[in-house]
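Each chain, letter by letter, is given below.
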Amino acid sequence: MTRRRSIWLLFGVLMLGTVAPGIRVVHAGSAHQVQEQAAGTHLYIMLLPGLCGYPGSDPYCKGNVNAQARAQSTFKTLSTALLHAHVTYTPLFFSYHVNQPQTYTVGDTHQSVARSVDALEAQLRSVRKRDSKATFDLVGHSLGGVVAASWAVSNGREYGLNSAGLLRYVNSIVTFDSPLRGISSRYLNPLVVRLLGGTVAYSLQPDSETIKEITFFSDSWWRNTGHLHSIANSADEIIPPPEALLGDRKLVLDGQCSRDLLFLRTCHGAVLADTTLNTFVACHWITTQYQCSPRPTPTPTRTPLPTSTPTPTVTPSPTHPPATPSPTATATATPTRTP
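Residues numbered from 1 in each chain as written. Predicted model: local features only at pLDDT ≥ 70, side-chain atom pairs only at ≥ 80, totals over all residues. Heavy atoms only, no water.

S.K.: Looking at this model, I keep getting lost on the overall build of the protein. Mind explaining?
M.R.: In terms of helices and strands, the protein carries 12 helices and 8 strands. Classification of the 339 residues of the protein by burial places 51% in the buried group. Summed over all atoms, the accessible surface of the protein reaches about 17500 Å², with 56% contributed by carbon and sulfur. (Helix = DSSP H or I, 4+ residues; strand = E, 2+ residues; numbered from the N terminus. Buried < 20%, exposed > 50% of the residue type's maximum accessible area, 1.4 Å probe, protein only. Areas by Shrake-Rupley, 256 points an atom, 1.4 Å probe, with all protein chains shown as cover.)

Rendered as structure tokens:
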């Protein structure tokens, strides 16, 4: 790791969960952001924001964090893309608190990933309890993506003794800028641990049990069984692509980001405001029976009636009588059959 990367990490580690540059804050209950569940639809999309670096690190990271408002703000561009794609679903808003699904605190985001996994498990099981046909997509940014992936290889695969987990009801897991392979920092690990309060920082080390469990499974398993789609930004100074890509991968370059940390540009979270990228995610990775439906109906075109080619008129002369059409020229060609 270069000294430059270490400096970025020093400043940016506190900003892992901030709202992406350019994303407007959306208040809870915004009518065009929350799509009500339609009759016969059982797709639920769980939105998992990242870590609250410190109180006030984004507009919602203070006091009791409103889980719905923060998730809507973080994934505003994706929600708009889903709306335009006519994907019918019920949104779910992840809470880092095990027993309070509507709110959590900044400190709750600093807990171990294993405890956040328990919170996710409880919230998904609550949905399955009231809707036995529920299926899920999990969409996480930064730490939220690690929580989703860790859940998939633990509680998601097996729940209790000889009991299959809810992973079999998951269509897709999509991660934006998530350190699925851990945050590597041989210079700053002790400082990172101290700044983040210790527990979550240990969970994000490459040699932690959380990260080793995630990376134990091959890309093939993640693509075919875990249904993982990971997104990395080569301009991200906090979580570079080697730390973020696993399973089905998509690498982008979103370097036109505003100053998101004093006078610095980390570009961590810039992918969340990428309209083209989020439209791709909505239409290709968010799985429903009527994906990006209804599709545009082609406008029917009138089939023109066959017209005959006008025959030039030949004026007969006394020395040249009108030519008699050749039988060969007027014969209708017999179509050739294709074997």
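S.K.: Even after reading the chapter, I still don't get the nonpolar core, so can you show me in this structure?
M.R.: One recurring pattern in soluble globular proteins is that nonpolar side chains are buried together. In this structure, Leu138, Trp151, Phe176 and Trp222 are the most contacted members of the largest nonpolar core, which totals 74 residues. Beyond its immediate chain neighbours, meaning those up to four positions away, tryptophan 151 contacts Val117, Leu120, Glu121, Leu124, Leu138, Gly156, Arg157, Leu166, Leu167 and Val170. (Core = buried A, V, L, I, M, F, W, Y, C linked by side-chain atoms within 4.5 Å. Contact = heavy atoms within 4.5 Å.)

S.K.: Whenever I open this one, the state of the cysteines confuses me. Can you help?
M.R.: What is meant by a disulfide is a covalent connection between two cysteines, made through their sulfur atoms. On inspection of all chains with the given rule, the structure shows 2 disulfides. Between the sulfur of cysteine 52 and that of cysteine 61 lies a disulfide, 2.0 Å long from S to S. Taking the sign of the torsion about the S-S bond as the criterion, the disulfide between cysteine 52 and cysteine 61, at about -75°, is left-handed. Residue class for cysteine 61 comes out buried when judged on its relative accessible area of 0%. Each sulfur in the disulfide pair cysteine 257 and cysteine 267 lies 1.9 Å from the other. Because the sign of the S-S torsion sets the handedness, a value of about -70° for the bond joining cysteine 257 and cysteine 267 places this disulfide among the left-handed ones. With cysteine 257 in the loop between β8 (248-252) and α11 (275-285) and cysteine 267 in the loop between β8 and α11, this pair connects stretches of sequence that are 10 residues apart. Across the pair, exposure class does not vary: cysteine 257 and cysteine 267 are buried alike. (Disulfide = S-S within 2.5 Å.)

S.K.: Explain the environment of proline 241 to me, please; I cannot follow it from the model alone.
M.R.: Within the secondary structure, proline 241 sits in helix α10 (residues 241-244). Given a relative accessible area of 16%, proline 241 falls into the buried group. Beyond its immediate chain neighbours, meaning those up to four positions away, proline 241 contacts Ala232, Asn233, Ser234 and Leu251.

S.K.: In this structure, what is going on with the confidence of the model for the protein? I would like to understand it.
M.R.: Should the pLDDT be low somewhere, the predicted coordinates at that spot are not to be read in detail. Scored by pLDDT, the protein comes out at a mean of 78, with 66% of its residues at no less than 70. Counting interchain partners and residues more than four positions distant, the pLDDT-below-50 stretch residues 18-39 has 66 contacts. (pLDDT = per-residue confidence, 0-100.)

S.K.: Looking at this model, I keep getting lost on the sheet that holds strand β1 (residues 43-48). Mind explaining?
M.R.: Backbone-to-backbone hydrogen bonds pair the strands of a sheet. The strands run either parallel or antiparallel. Taking strand neighbours across the sheet as the criterion, the 6 strands line up as β3-β1-β5-β6-β7-β8 in an open arrangement whose pairing is parallel. Since the sheet does not close on itself, it has two edges, and those belong to β3 (90-93) and β8, each with one partner. The average undirected angle you get between the axes of adjacent strands in this sheet is 15°. Here strand β6 (residues 170-176) runs beside strand β7 (residues 228-233); their pairing, made up of 4 bridges, is parallel. Directly across from threonine 175, in β7, lies its bridge partner serine 230. The sheet strands contacting α11 are β6, β7 and β8, and the helix crosses β6 at an angle near 165°. (Pairing = 2+ DSSP bridges. Axes fitted to C-alpha atoms, helices over the stretch in contact; angles between N-to-C directions.)

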